[in-house]
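Below, each chain spelled out in residue letters.
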Amino acid sequence: MSGLRWAADLGLVGAGEPAPAEPNRRELRTLAEEAGRDLAGAPALEVARWAVETFGDRLCVTSSMADAVLVHLFSRVAPGVDVVFLDTGLHFPETLKVRDQVARTMPVNVRSIRPRLTVGQQDGEYGPRLFHRSPDDCCQLRKVESLERALVGYDAWAAGLRRDESPSRANTPVVTFDAGRGKVKINPIVAWTQADVERYISRWDVPVNELFGRSYSSVGCWPCTGRTKAGEDPRAGRWAMFEKAECGLHG
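All figures in this text were calculated on a predicted structure; none of them were measured in a lab.

Asks: How should the packing of aromatic side chains be read in this particular structure?
Replies: Across all of its chains, the model carries four aromatic pairs by this definition. Pairing Trp 192 with Tyr 200 gives two aromatic rings, centres 5.5 Å apart and planes at 45°, and the pair type is tilted. Ring pairing ties together the aromatic residues Trp 192, Tyr 200 and Trp 204, which thus form one cluster. The ring of Trp 204 has Arg 203 sitting right over it, with the charged end atom 4.1 Å from the ring centre.

Structure follows, in structure tokens:
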């Protein structure tokens, strides 16, 4: 299945002809732009199904394991799909618990990707507690670089971004071209609200990080994640002492 659907959609192969080994950047960009228009109002499951049919095993799903909604969604249409989890070495135990539960109970292949440096090695090379002195550099070392390595071999990746999470995500498209990485990026639940997420979790009994029940509204690495107050922006607890709202994974 890998590569065949996108090639046929672009008119690059005829019926019964073999697909080329992999698409180039221009082809992927064209595919992403067309899908972004065609799937703009499509249900999340339809978007996930399109992604699987289009990219096959050259697609992966990424998850922070704050919850397993996106992973579960893809498991319904692509049992065995690769799920990338960036194991920074600084996660809450509750986050690792969700990852392990997903790996144990869902028909997916969880790939835990670790940074090149352990936390101790990073302390030795860059000084201790880099996350408190320069969180951008820490995110680059422990998240962004890890994702770059994890995405090698894939043409597309799916993320669980939602427009209602923060102003910086308000215009996120359902399908786009990630120019920096040369990949198609798919955001099936981008139009969902928090209420939609909660309904899905209840309907399918999806694993959820226990920290959400302890006044955390967004969960990342423990040094840069704090509790929020009622009515605050859901990401107000992330990097609270810095002018920073994103880790760099999503631009």
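Next comes the rest of the description.
Asks: Can you walk me through the packing of helix α6 (residues 119-126) against helix α8 (residues 135-150) in this structure?
Replies: Packed helix pairs are characterised by how far apart their axes lie and by the angle those axes make with each other. In contact at an axis separation of 12 Å, α6 and α8 are set at 140° when each is read in the N-to-C sense. One element, α6, and the other, α8, form an angle in the oblique class. Here α6 runs over α8; the crossing is right-handed. Contacts between α6 and α8 involve Val 119, Gln 122 and Tyr 126 from the first element and Cys 138, Leu 141 and Arg 142 from the second. Here the residues of the contact of α6 with α8 are counted per class, giving four nonpolar, one polar and one charged.

The rules we used
- Residues numbered from 1 in each chain as written.
- Predicted model: local features only at pLDDT ≥ 70, side-chain atom pairs only at ≥ 80, totals over all residues.
- Heavy atoms only, no water.
- Phe/Tyr/Trp six-rings, centres within 6.5 Å; stacked < 30°, edge-to-face > 60°.
- Lys NZ or Arg CZ within 6 Å of the ring centre and 35° of its normal.
- Axes fitted to C-alpha atoms, helices over the stretch in contact; angles between N-to-C directions.
- Helix = DSSP H or I, 4+ residues; strand = E, 2+ residues; numbered from the N terminus.
- Parallel < 35°, antiparallel > 145°, perpendicular 65-115°, else oblique.
- Left-handed = near helix turned anticlockwise from the far one by under 90°.
- Contact = heavy atoms within 4.5 Å.
- Nonpolar A, V, L, I, M, F, W, Y, C, P; charged D, E, K, R; others polar.

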